[in-house]
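# Structural features, examined
What follows is the residue order along each chain.
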Amino acid sequence: MSDMALKQEDVRGEPPVNLWRDAWYRLKQNRMALTSLVIILALAFIAVFGPWLTPYDFLSQDLIARNQPPTWAHPFGTDELGRDVLSRVIYGTRTAFIVAISVTAVATLIGIVLGALAGYFGGLFDRFVMWFTDMTMSVPQLLLVVVINASLKPPLARWMEAQYLETLNPIYRNSIIIDFVLVFGSMALITWPPYARLVRAQVLSVRNRPYVTAARALGLSTPVIIARYIVPNALGPLIVAVSAGLGTAMVLESAFSFLGIGVNPPMPSWGNMIADGLRVWRNYPHLLLAPAMMLALATVAFSFLGDGLNDALNPKGQK
Amino acid sequence: MAGEKPQEPLLNVRDLSIEVATRNGPARIVDGISLTVDKGETLGVVGESGCGKSLTMLSLLGLLPNKISVIGGSAIFKGRDLLAMPHRELRKVRGGEIGFVFQDPMTSLNPVVRIGQQVMEPLLYHRNMSRAEARKRAGELLKLVGIPGAEERLDNYPHELSGGMRQRVMIAIGLACDPALLIADEPTTALDVTIQAQIVDIVKELRAKLGMSIVWITHDLALIAGLVDRVVVLYAGTVVEDAPVDVLYENPAHPYTRGLLASIPRLKDEGAEKLSSIGGTPPEPGRRPAGCAFAPRCPIARAECERAAPALEPLKGGGPHRVACFAAGEIAEAVA
Ligand SMILES: Nc1ncnc2c1ncn2[C@@H]1O[C@H](COP(=O)(O)OP(=O)(O)OP(=O)(O)O)[C@@H](O)[C@H]1O
Ligand SMILES: [Mg+2]
């Protein structure tokens, strides 16, 4: 057989199969997705290195320079307490990323474990998990978070106070911990169901693919088959969902902070900055614009990246 | 490949029965199949879609899908019963002593793992080779199955190869550990006609080099004429005829076999649909008639065919030609 013959055979135009390398190639073709990826990486950089990037401390007030429009000294202006808005927006980015990543990580983990077990074992366990999933999805998210928040926050706060009095460890006085653990724990608890459904469906479909039977016919062990044949092939749609989920989690965080049940002042969050800015936007529009634009930028970027990944990882889904 | 028969066949399947659990209770898919494969022999297994060819072979390696199970019989391979073997031991047989090549090379390779790694996998597991050794051997195997630029292909992903090349990779994987038996389940059905012939040729070549036994499942009697030594014809989960290949072609004794042979187009022009000279379709599992399963479609069926199923018996004069038909003797005479 010559190389020529091989090429001729290749002309038969077989559909390409899911593949990371292929996916990356297709993603690179997609300008929107690529731009979004760059934006997200830039935002992530800001989030990680925020403390070294901010020109001012996000808490330091300058009561002489209140509500200033953008200047060279304060590129995004100052707020009503004379705090540097750029610094606060940067810290807000940090908050958004911490929340989005931790919420999505916990939700994905719950989803993977429950979904994979349900898909793998099937039967009664599967039915229970799916019932639990449907039930969680049927309750309005906001309501669930408010309920969890309202019922768990006071006892947790009391417990923290008691711990503080006992140990005098200042960590127990840190209300930010309560915010993060409670509010964002509850956010994770309401966002896992789609991941569980997705993982279950993927496991069910991949489990019966011919290459899994072929791998069994080679005598490979179950752990090897799961790790090298099932998981990598089931991962694509999950990556898409996680990318979109990160954006959703940021919106959710901002929404809750906006309503005062998320991150509380003085900790900056785009949500609570938007809430503050909204009260005075007629006079000081920059106080609203800065955080709102950041939120819009991040969520649009995540959503386009998710779309791009979806196209890249499911070539058959394209028109 | 005539010659002295070894006393003990390499694989001896006796009275294998397989059932599927359905809503209306169990349905028999495979009903008492017996067949043997001698050392170095190539056995063709033919029959219409749904007659149980794949499940018979999958059951030997414990690979039956959910709800389908072996309910009786034995499969002695190298002196051990595959059907009664503990899972641990069976896993060593899989890929180690029996290689399996599946129908669709497009979906039978893992799309996210490089070709080389997939060829190496059985070597790493069954032969405990180091990665370097296994990689070297994988390159040799790809060369053996006639893949151009074998060494470079190791780092390709399956989708970078054409269907024919992928099926060669599957064959390389199946043969990686020098198995005594290679089971190929319609390995060419998914390929272009010209490439089908290439695959048959490469397998012939490999058989000459390696001397393994082969079970080749197919619909296509014409394709395997020059490849197999003996043919077993299945119909609705039973063996209806078992004969050396030249005998079967010249002197088919079962009306079903004759129908299959008649449906081979004389002119092998591409695009010609396979003519089916047998009217009707095979019965669904669980709906098979009490007598001969082929009776409803049989041109020469008579009253006794509907009462009892004929046993698989040597044709008059003994010998290796066995048929399950009440009218077998008469047909054979008429043709001869
Ligand atoms: N997973 C399954 N569940 C239920 N029934 C099945 C399943 N797989 C196969 N069957 C049934 O078992 C019978 C035999 O199937 P098998 O795959 O062995 O046929 P085959 O002879 O290999 O056909 P083909 O030539 O189409 O590959 C068929 O009638 C089919 O309907
Ligand atoms: Mg089959």
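Structure first, text after, so check above.
To start, this report covers the structure provided alongside it. (Residues numbered from 1 in each chain as written. Chains lettered and ligands numbered in written order. Predicted model: local features only at pLDDT ≥ 70, side-chain atom pairs only at ≥ 80, totals over all residues. Heavy atoms only, no water.)

If you tally the helices and strands in chain B, you get 11 helices and 12 strands. Computed over its C-alpha atoms, the radius of gyration of chain B comes to 20 Å, within 12% of the 20 Å expected for a compact globule of 336 residues. Going through the 336 residues of chain B one by one, you find that 55% of them count as buried. Partitioning the intrachain contacts of chain B with sequence separation of at least 6 by distance along the chain shows that 63% fall at a separation of at least 24. (Helix = DSSP H or I, 4+ residues; strand = E, 2+ residues; numbered from the N terminus. Rg over C-alpha atoms; globule rule 2.2 N^0.38 Å. Buried < 20%, exposed > 50% of the residue type's maximum accessible area, 1.4 Å probe, protein only. Contact = heavy atoms within 4.5 Å.)

This part covers the sheet that holds strand 5 (residues 80-81) of chain B. Residues and elements named next belong to chain B. Read across the sheet, 4 strands follow the order 2-1-4-5 without closing on themselves; strand pairing throughout is antiparallel. Sheet topology places strand 2 (25-37) and strand 5 at the edges, where each strand pairs with a single neighbour. Where strand 4 (residues 68-77) meets strand 5, 2 bridges bridge the pair, whose relative direction is antiparallel. Looking at the pairing, Phe 77 lines up with Arg 80 of strand 5. Across the sheet, helix 1 (residues 53-60) lies against strand 1 (11-22), strand 2 and strand 4, angled at about 110° from strand 1, the strand it touches most. (Pairing = 2+ DSSP bridges. Axes fitted to C-alpha atoms, helices over the stretch in contact; angles between N-to-C directions.)

Moving on, we get to the pattern of salt bridges. All names here are of chain B. Evaluation of the coordinates by the stated rule reveals 15 salt bridges over all chains. A salt bridge links Glu 304 to Arg 302; the shortest N-O distance between them is 3.1 Å. The exposure class of Glu 304 is partly exposed, given its relative accessible area of 30%. In this structure Arg 302 comes out as partly exposed when scored by relative accessible area, which is 30%. One network of salt bridges, in which partners are shared, links Glu 41, Arg 230, Asp 242 and Arg 322. (Salt bridge = Lys/Arg side-chain N within 4 Å of Asp/Glu carboxyl O.)

A few words on the side chain of Lys53(B). Residues and elements named next belong to chain B. When you line up the elements, Lys 53 lands in helix 1. Side-chain polar atoms of Lys 53 contact the backbone oxygen of Gly 47, separated by 2.9 Å. Apart from residues lying up to four places away in sequence, Lys 53 is in contact with Val 45, Val 46, Gly 47, Glu 48, Glu 186, Ile 217, Thr 218, His 219 and Leu 234. (Polar contact = N/O pair within 3.5 Å; in protein donor to acceptor, adjacent residues only side chain to side chain.)

What follows covers empty space enclosed by the protein. Following the criterion strictly, the structure yields 4 cavities of 30 Å³ or more and no others. Of the volumes computed, that of the largest cavity is approximately 120 Å³. Lining of the largest cavity is provided by 14 residues; of these, Ala214(A), Leu218(A), Ser108(B), Met170(B) and Ile173(B) occupy positions nearest its centre. Of all elements in the fold, only helix 8 (210-217) of chain A together with helix 6 (163-175) of chain B reach the threshold of two or more residues within the lining of the largest cavity. (1 Å grid on protein atoms, 1.4 Å probe; cavity = no way out; pocket = protein on both sides within 12 Å on 5 of 7 lines; lining within 4 Å. Points joined across faces, edges and corners; volume = space filled by probe spheres on them.)

Here we take up the packing of helix 8 of chain A against helix 9 (residues 222-258) of chain A. Residues and elements named next belong to chain A. Contact pair helix 8 / helix 9: the axes reach a minimum separation of 11 Å and the direction vectors enclose 175°. Classed by the angle they form, the pair helix 8 and helix 9 counts as roughly antiparallel. In this structure, helix 8 uses Tyr 211, Val 212, Ala 215 and Arg 216 to contact helix 9, whose residues at the interface are Ile 225, Tyr 229, Ile 230 and Asn 233. Split into classes, the residues belonging to the contact of helix 8 with helix 9 amount to 6 nonpolar, 1 polar and 1 charged. (Parallel < 35°, antiparallel > 145°, perpendicular 65-115°, else oblique. Nonpolar A, V, L, I, M, F, W, Y, C, P; charged D, E, K, R; others polar.)

We now examine the site of ligand 1. Residue and element names in this part refer to chain B. Taken together, 15 residues lie near ligand 1, and Ser 49, Gly 50, Lys 53, Ser 54 and Glu 186 sit nearest. Between an oxygen atom of ligand 1 and a main-chain N or O atom of Cys 51, the distance comes to 3.3 Å. At 2.8 Å, a side-chain N or O of Glu 186 approaches an oxygen atom of ligand 1. Computed on the free molecule, ligand 1 has an accessible area of 630 Å², of which 65% lies beneath the protein chains in the complex. The dominant element in the shell around ligand 1, judged by the number of residues it contributes, is helix 1, at 3 residues. Looking at the shell around ligand 1 residue by residue, the classes come out as 7 nonpolar, 5 polar and 3 charged. (Near = heavy atom within 4 Å. Areas by Shrake-Rupley, 256 points an atom, 1.4 Å probe, with all protein chains shown as cover.)

All right, on to the sheet that holds strand 3 (residues 42-46) of chain B then. All names here are of chain B. Read from one edge of the open sheet, 8 strands run 6-7-8-3-9-10-12-11, paired in mixed fashion. Pairing within the sheet leaves two strands with one partner each, and these edge strands are strand 6 (98-101) and strand 11 (313-314). Of the pairings in the sheet, the one linking strand 3 to strand 8 (residues 213-218) comprises 5 bridges and is parallel in character. Residue pairing in the sheet places Val 45 in a bridge with Ile 217 of strand 8. Against the sheet, helix 9 (residues 255-262) makes contact with strand 3, strand 9 (230-235) and strand 10 (238-244), and its axis sits at roughly 105° relative to strand 9, the strand it touches most.

Volume-wise, the largest pocket comes out at about 870 Å³. Lining the largest pocket are 31 residues, with Arg207(A), Val212(A), Thr213(A), Arg216(A) and Leu63(B) sitting closest to its centre. Broken down by secondary-structure element, the contributors of at least two residues to the lining of the largest pocket are helix 8 and helix 9 of chain A together with helix 1 and helix 2 (87-93) of chain B. If one sorts the elements of the lining of the largest pocket by residue count, helix 9 of chain A sits on top with 5 residues. Looking at the lining of the largest pocket residue by residue, the classes come out as 14 nonpolar, 11 polar and 6 charged.

With 29 residues of chain A in contact, the opposing surface of chain B contributes 44 residues. At the boundary of chain A with chain B, total buried surface from both sides reaches about 3,100 Å², with 58% on carbon and sulfur atoms. For Glu121(B), the salt bridge is made with Arg228(A), and the minimal N-O distance between the two is 2.3 Å. Where chain A meets chain B, there are 8 residue pairs in polar contact (both at pLDDT 80 or more). (Buried area = accessible area lost by both parts, 1.4 Å probe.)

Turning our eyes to something else, we now look at helix 4 (residues 131-144) of chain B. Residues and elements named next belong to chain B. Look at helix 4: 20 Å from first C-alpha to last across 14 residues, which is about the 20 Å you get at 1.5 Å a residue. All buried positions along helix 4 are accounted for by Ala 134, Ala 138, Gly 139, Leu 141 and Leu 142. The buried residues of helix 4 occupy an angular sector of 160° when the element is viewed end-on, so they sit on one face. Facing away from the buried surface of helix 4 by more than 90 degrees, the exposed residues are Ala 132, Lys 136 and Lys 143. Packing partners of the buried residues in helix 4 comprise helix 3 (115-126), helix 5 (150-153) and helix 6. (Expected span 1.5 Å × (residues − 1). Arc of directions from axis to C-beta.)

All we've got here are geometric facts, nothing functional implied.
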